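Commentary on secondary and tertiary structure
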Amino acid sequence: MQGGIENTPGSWDRHWSGTHDRYNRHHTDIWAALAPYVGEGLWVDLGCGPAAFWTHYDGRFVGVDSSRVGLQKAVSAVPHGIYIHADARNIPVPDEQFDGVMLSGLLDYFMDDWRPLLKEARRIGKRGAPIVFTLLHGFEGHVWDSKDRVAEKVGHAALTYEVVGNWRVCVV
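To start, this report covers the structure provided alongside it. (Residues numbered from 1 in each chain as written. Predicted model: local features only at pLDDT ≥ 70, side-chain atom pairs only at ≥ 80, totals over all residues. Heavy atoms only, no water.)

1. A few points about the packing of aromatic side chains
Quick note on the threshold: Ring pairs shown here join Phe, Tyr and Trp side chains whose ring centres sit within 6.5 Å, with only the six-membered ring taken for Trp; geometry is labelled stacked below 30 degrees between planes, edge-to-face above 60, and tilted in between. Runs of H or I in DSSP of at least four residues are treated as helices and runs of E of at least two as strands, each being numbered from the N terminus. Throughout this description, buried means an accessible area under 20% of the type-specific maximum (1.4 Å probe, protein chains only), exposed means over 50%, and partly exposed covers the range between.
On inspection of all chains with the given rule, the structure shows 5 aromatic pairs. Taking the centre distance of 5.9 Å and the plane angle of 80° together, the rings of F61 and Y83 count as edge-to-face. Placement of F61 in strand β2 (residues 61-65) and of Y83 in strand β3 (residues 82-85) is noted, with a sequence separation of 22 residues between them. The two residues F61 and Y83 agree in class, both being buried. Relative to W144, the ring of W114 lies with its centre 5.5 Å away and its plane at 40°, an arrangement referred to as tilted.

Structure (structure tokens):
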């Protein structure tokens, strides 16, 4: 359990049933930091929830989430997206489908082992596709105070790391 939420579809449905003004208030600043890395083509957001980041994006994207409630909110907020109800560690799409992969806030909920999520991100991203992710410094005691700490956890030395308030915006 991370952040008081079990990693089960039912717990995420309960979570996304509420309002998230505190959660959403940072998205404009975070999107400004992410935007230079989100290029043309088809993007996928693993653990998209209500797709709050994508309200600032006019391009094509696919949102993946295990919460039906989160996806219902995503469809309302960003109707031009395509949405898949699935576990982000096992997405029913062929290899190398996406020009970029985003994991916004998702890795914080899988602290024990990021490998399955990153492996799936690499599988579905086209060769050389950027993997963009955010981490919340201080969430559940997580310390993301340096680029080296994040690079070690991700297993990728060529990491872009930017601080946006308590958030860390990273690209591999």
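2. Observations concerning the pattern of salt bridges
Rules: By convention in these notes, a salt bridge is any Lys or Arg side-chain nitrogen within 4 Å of a carboxyl oxygen on Asp or Glu.
Applying the stated criterion to the full structure yields 7 salt bridges. In this structure, D87 and R89 form a salt bridge, with 2.7 Å as the shortest nitrogen-oxygen distance. Using a relative accessible area of 35% as the deciding quantity, one classes R89 as partly exposed. A salt bridge links E96 to R127; the nearest nitrogen and oxygen atoms lie 3.9 Å apart. Here R127 lies in the loop between α5 (115-124) and β5 (131-136) and E96 lies in the loop between β3 and β4 (100-104), a separation of 31 residues in the sequence. What you see here is one network of salt bridges that share partners, running through D95, E120 and R123.

3. What about the nonpolar core?
Stated formally: Think of a nonpolar core as a cluster: buried Ala, Val, Leu, Ile, Met, Phe, Trp, Tyr and Cys residues, connected wherever their side-chain atoms sit within 4.5 Å. Throughout, a contact is declared for two residues whenever any of their heavy atoms are within 4.5 Å.
Residues L46, L103, W114, F133 and V150 are the most contacted members of the largest nonpolar core, which totals 35 residues. Breaking this core down by element, the ones donating at least two residues are β1 (43-46), β2, β4, α5, β5 and α6 (147-154). Contacts of L46, omitting those with residues within four sequence positions, involve V64, A88, I91, V101, M102, L103, S104, L106, A121 and I124. One finds L34, A51, F53 and V164 within the second-largest nonpolar core, a separate group that totals 22 residues.

4. Focus: the pairing of β5
The side chains of a regular strand alternate between both faces of the sheet. How we decide: Whether a crossover is right-handed depends on one test, that the path from the first strand over the helix to the second runs clockwise when the strands point away from the viewer. Strands are labelled as partners when DSSP assigns at least two bridges between them.
The element β5 is extensively covered by neighbouring structure, given that 5 of its 6 residues are classed as buried. In this region the chain leaves β4, passes through α5 and returns to the parallel neighbour β5; the handedness of that crossover is right-handed. Note that β5 and strand β7 (residues 167-171) share 5 bridges and pair antiparallel. The residue bridging V132 from the neighbouring strand is V171, located in β7.

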